[in-house]
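Examining the three-dimensional arrangement
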Amino acid sequence: MTTPAGTGTPGTPSPAGADRGAGYRPAPWVRTRLRSAPLAAGLMALLAFGTVFLAAAFPRAVDRGTDEALREYLKDRGPSWTSMLATSSHRLGEADLDKVAEKLTSYPKETFGIAASGPVYGTRGNKPRKMWNPGFATLGEAKPVLDLLYTHGITDRVTLVEGRWPAPPEPGEGVAKPVAIALSKSGADTIRIHVGDIIDGGTSPSGGRFQAEVVGLYTADDPSDRYWYDLPCPERACVEGAKELYWHTAGVVSPGAMDLIAPWGGGATDFWRLPIDTAALRADQLDRTGEEISSYVGGPTATRLSVATGREDLRIGSELPQLFQQAIARHDAAAPLAAIGPAGLAGVAAVVLCLAAGLTGDRRVGELRLLQARGGSRGGVLRRLLGEGAVTVLPAGLLATASALWLLPTPRWSGSLLAALAVLLLALLGFPARAALLWSAPRAPGSGGRRRLVGELVVLAVTVAAVLEVRRRGVVPPGEGLDPMLVAAPLLLALTGGLVLARLQPVLVGALARVAGRGSGLIGFLGLARAARGTGGRPRPSVLPLLALMLAVTTAGFGATVLDAVDRDRAHAARSAVGADAAVGMPSGAVLPPAFLAAAAALPGVRTATGVWWESEVFLLGADSGLVRVSALVVDPVAYAELSRTVGRGAFDPAVLAGDGGGTDSPVPALFSTEIAKKITDGNYRLRMPNGKELLAKSAGTVDGTPALEETTRRFVVLPSGPVTASFPELGQANLWFATGDIDERRLKGLVRELEPMRIGGVAPGSTTGAATAASPTAASPSAPAPAPAASGPAPAAQAPADTDPDAVPTGYVVRTSAARAAELATDPLQLSAARLFWAAVIGAAGFALLAVLLTLLRAAPERVAVLARLRTMGLRPRQGLALIVAETLPQTLAAAVGGGVVALAAVALLGPAIDLSALVGAPVPAGLKPAVLPVLFQVLGLAALVTAGVLAEALISGRRQISTELRAGEQR
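Described below are features of the structure shown in this document. (Residues numbered from 1 in each chain as written. Predicted model: local features only at pLDDT ≥ 70, side-chain atom pairs only at ≥ 80, totals over all residues. Heavy atoms only, no water.)

Let us look at helix H22 (residues 829-873). Helix length check: H22, at 45 residues, gives a terminal C-alpha distance of 63 Å against a target of 66 Å (1.5 Å per residue), a fit within 8%. When the local axis directions of H22 are compared, the greatest deviation, roughly 55°, occurs at Ala861, which is followed within four positions by the proline Pro862. One or two residues past the end of H22 sits Gly875, with phi positive at roughly 105°. (Helix = DSSP H or I, 4+ residues; strand = E, 2+ residues; numbered from the N terminus. Expected span 1.5 Å × (residues − 1). Bend = angle between axes of the 7 residues up to and from the residue.)

A separate point is the state of the cysteines. The final tally for this structure, using the stated rule, is one disulfide. There is a disulfide in this structure between Cys233 and Cys238, and the S-S distance comes to 2.0 Å. In this structure the cystine formed by Cys233 and Cys238 twists about its S-S bond by roughly -120°; its chirality is therefore left-handed. On the accessibility criterion, Cys238 (5% relative accessible area) is buried. (Disulfide = S-S within 2.5 Å. Buried < 20%, exposed > 50% of the residue type's maximum accessible area, 1.4 Å probe, protein only.)

Turning next to unusual backbone geometry. Trans is the common state for peptide bonds, and a negative phi is the common state for residues other than glycine. In the Ramachandran plot, Asp230 falls in the positive-phi region, its phi being about 70° despite a non-glycine side chain. Tracing the sequence through the fold places Asp230 in the loop between strand S9 (209-220) and strand S10 (238-240). Of the residues examined, Asp230 reaches a relative accessible area of 44% and is grouped as partly exposed.

Bringing the packing of aromatic side chains into the picture now. Within the structure shown, the criterion is met by 10 aromatic pairs. Geometrically, the ring pair formed by Phe596 and Trp737 is edge-to-face, given 6.2 Å between the ring centres and 75° between the ring planes. On the criterion of sequence distance, the pair formed by Phe596 in helix H16 (residues 594-601) and Trp737 in strand S21 (residues 736-741) is long-range, its members being 141 residues apart. Arranged with centres 6.1 Å apart and planes meeting at 75°, the rings of Phe672 and Tyr685 form a pair that is edge-to-face. Here Tyr685 lies in strand S18 (residues 684-688) and Phe672 lies in strand S17 (residues 668-673), a separation of 13 residues in the sequence. The burial state of Phe672 is the same as that of Tyr685; both residues are buried. Aromatic ring contacts, followed pair by pair, group Tyr107, Phe112 and Tyr296 into a single cluster. (Phe/Tyr/Trp six-rings, centres within 6.5 Å; stacked < 30°, edge-to-face > 60°.)

Taking 1.5 Å per residue as the helical rise, helix H15 (residues 543-578) with its 36 residues ought to reach 52 Å, and the 52 Å between its terminal C-alpha atoms agrees with that figure. By the criterion of burial, H15 is predominantly enclosed, with 28 of the 36 residues buried. Backbone geometry just downstream of H15 places Gly579 in the positive-phi region, at approximately 95°.

Right, dumping it as structure tokens:
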């Protein structure tokens, strides 16, 4: 190659005696080079744009996902957990409340702010008073209770529907006259209170009676408004109580009657709930935010606010610091697993950039050698090559970075800029670094092989160290951040596997070529022989495309195994939480009629079903520690044993519960929990039921858990229904139902809505009167409705579910399925963000792997086209030429795909025991990850199919055209 006419060699003076005019100026180097190869310059700019954009976008996507997960996590906890609550003894009045609220909200804050809805504050009594009016509705024997309350701004959130708002009392009235209050219409209807009623609050210390007059009724404009949280039920009537359930509501007084709250409530407390603006919180500032809120709770800020408000007893509390620590722990647990996909993408992209630099170097090696021979200096040439990159790569990289910053807004930008800068430098310096090697001193024969061996041994040592570190410390060392070594362990395994495969592939493909050479066909032999050796004078095939494919397949296979295990563990955790695939729990005082058990067992998809009688108020007599409270379960041994085996908790042989017994003299066989087994010895024991009856039992074995109770530390006894019901028929009436199979939750709820509970004297057999045994502990959830035993009189209409809601069940009934629970766990934004990030990285890595193969084809295209052109002159048909291209290219592709799958399985086997998936599952699960063939196989086949399709397309589109061009060039020569 020669320099363009009229230009000099870079770094050398112009030849003496050259015939040039006085105004001669050499053509600019960069413009000349870009004009000579515009397509290559455009493709390099496009590659730089794509890689830099992904490098800048992924950190911002991670930040956005982390912030969203944090906000959803806090939002699900409710306002009481995401607020600061300030309290003080009641002092002056409304004006002082407003003044304190202003000081609390206006105090300077650095990392958080108050929600736009503003603070909720007012005055409430320290305890409610019973309403002794005989006509009011009750739950069992307990009387309803009433709080008195004043909250700022309540009139802006309710609508008066009857009567009037309370007026301030006249001076000197005190408690001599009933306190004027307004009630919610919902609460009043539930308890049967009307406008004009005088509520009897019992005897006052002076001998009089506490009284409140209902002067108005209102309805809340939005009952789900966070304004109502932590208030004593001013918008409705709530069910409260443990042993005895009762109605609870609050009456609103006028601002001028705040002093009357204290006599009614045995004292009064001023409160200010400050809701934190969770939408403005940042995950990277949680530590600082937690420290700042802790200062409000018990630090310098709390002291300053106490002085500023003039309230020495001002106390501020918040659960936010604890929540922040939990959120940080969840993020730290999920971050390494979520970072594997982007790390693999980064590795594949780096390989592609190196391949692009190598391809450009091979295309221009003749030009660079000529410049070196003509005296061009290394510095002069490299400066001009950097100038070429600055014109093409730099604008593309800056545009890509700006696009990522604009399309993915987030407050954090440093990580994105650093990643973009690293990729931009690699794209900019790749070709100049490759060109600089041409000026290096000639290597001694065999030195390259020794250096390669040393490098491979270093990679192997680092890989072994990373694997051992992961197994020793786990993926998330407690109290530490993201460890790059732990994240890179699967990638190092892929790199090591790629280097090993690069050593083995020429030998294996060469052996296949020799086998193919013994046949009559020539295409297979030629293709395999060319695949076994390098192109362009190289002694072996290039390692870079092999590494790109290995990294892509290993990353995809490892991550797919993780996500598949997350789905399986989530399904198992959901089944364990529910106690079966479907469960129905009854309210206290109700049992399941035989008609329901038969209809439920006949639902489509039900494999096994069983009813269980459960009672938590049972006492075991005769243990070492005396009287022991236990939960008793009366079950069908065969059906319950099958349920326990399917759920995987408390499996037992049903034969151990076989036998006669029952009554006071003949003991029945029983399975005791591990906690009880520690306190008993062999012998007979008595179980005292809540109704006073006693059952004689003997130990038939020990189990560490049972499907009906989620907590494995619970003390329980499992009894067979046959011997028990022989003497105590009432204990065979189930109040729980469990089933396994694919069960439609809506159909099951529809069956429950049609259920007419069987009641025996208003109380379930063996139950404590008024006990709140609403449902199985596994069937119930924190958000489940409160249990509602039979009220005296008709049940309030407000408690019945809407007929149009297909998911509603009567209050106190609990219907749960494992499928719904698993779907609920899967909605965690932390898990969704990690999964989206992983699949986006897999798609990007697959695209770059395909690009690596195509670049390899382009790199070998001149030599391959020349060979095909010569073979064409000897009678090679076009179809055979395409088959030769495929036979030359696919062995490396398929070997890399299969090798990547094997390395992915090996990575799971080596690193799996140290991986804890609880953060991604959304529930505690046993640590450990086992290899799974199908997720890896899907990734191997998918990437192999993609690359094969790309190779075939490249051969079909460009192969014939290149061969024809080469033949015409031969004719001209």
